[in-house]
Amino acid sequence: LKTLEEPSENTTLILIAHKISTVPATIRSRCQTISVNKLDRQPMLHWLEKQGCQQANQYLALSNDVPLKALNLSEMDALEARNILFKAFLNLIDGETDPLKFSELLISMKEFPSVSWIISWLSDVIKINSFAPDSYINNAELNADLKVLAKKLHSKMIYKLFDQLMAISQLD
């Protein structure tokens, strides 16, 4: 609170919250609130297509609706890399791939957000197990395989993997 009440000279603090109700009232009362709505995907898709991005919809989903990131991933042919990693992940879950080989693959793909992709897949599996509508699934083109994966993984294992991956993602 002291920092908010008496910031040092030439200091601007920006607090970001997805739910304003989770921010304590003592902090909210000392802040100016600016609401930002989620952007419409159509202009983003149009811009990506004008930039020559093939499969703009998939790249936009892969980038969590961040157009510049989507363009960068497109230039790196990240969908192909993601599909290779997804197949290897399925094989790992099925016991058909050695965990060390999977780790080597992850290391060889370090220029891609591999951990984020796996977190996204597990998040989708959690949604599937919670009977969320298909429209809530982030990786729609992998939906059929994700449903198979959801049947193979026990909820406790999903959450354990999810927590471990979230901890790893914090290291970056």
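Residues numbered from 1 in each chain as written. Predicted model: local features only at pLDDT ≥ 70, side-chain atom pairs only at ≥ 80, totals over all residues. Heavy atoms only, no water.

Student: What is the right way to look at the overall build of the protein chain in this model?
Tutor: When helices and strands are tallied, the protein chain shows 10 helices and 0 strands. The order of helices and strands in the protein chain, counted from the N terminus, is α-α-α-α-α-α-α-α-α-α. Taken over the C-alpha trace, the protein chain has a radius of gyration of 20 Å; the compact-globule value for 172 residues is 16 Å, which it surpasses by more than 25%. Considered along the principal axes of its C-alpha atoms, the protein chain spans approximately 60 × 45 × 35 Å. Taking all 172 residues of the protein chain together, the buried fraction comes to 30%. Here the analysis covers contacts within the protein chain between residues at least 6 apart in sequence; of these, 44% occur between residues at least 24 apart. (Helix = DSSP H or I, 4+ residues; strand = E, 2+ residues; numbered from the N terminus. Rg over C-alpha atoms; globule rule 2.2 N^0.38 Å. Buried < 20%, exposed > 50% of the residue type's maximum accessible area, 1.4 Å probe, protein only. Contact = heavy atoms within 4.5 Å.)

Student: I'm lost on the layout of surface pockets in this one. Help?
Tutor: Once rolled over the atoms, a probe with the size of a water molecule shows which space is left empty. Taken as a whole, the largest pocket holds about 960 Å³ of empty space. Lining the largest pocket are 22 residues; nearest its centre among them are I14, L15, I16, A17 and I34. (1 Å grid on protein atoms, 1.4 Å probe; cavity = no way out; pocket = protein on both sides within 12 Å on 5 of 7 lines; lining within 4 Å. Points joined across faces, edges and corners; volume = space filled by probe spheres on them.)

Student: Mind showing me how you'd approach the side chain of S63 here?
Tutor: Take S63: it is sitting in the loop between helix 4 (56–62) and helix 5 (67–75). For S63, the side chain forms a polar contact with the main-chain oxygen of L60, separated by 3.0 Å. Apart from the residues lying within four places of it in its own chain, the contact partners of S63 are K69, A70 and L73. (Polar contact = N/O pair within 3.5 Å; in protein donor to acceptor, adjacent residues only side chain to side chain.)

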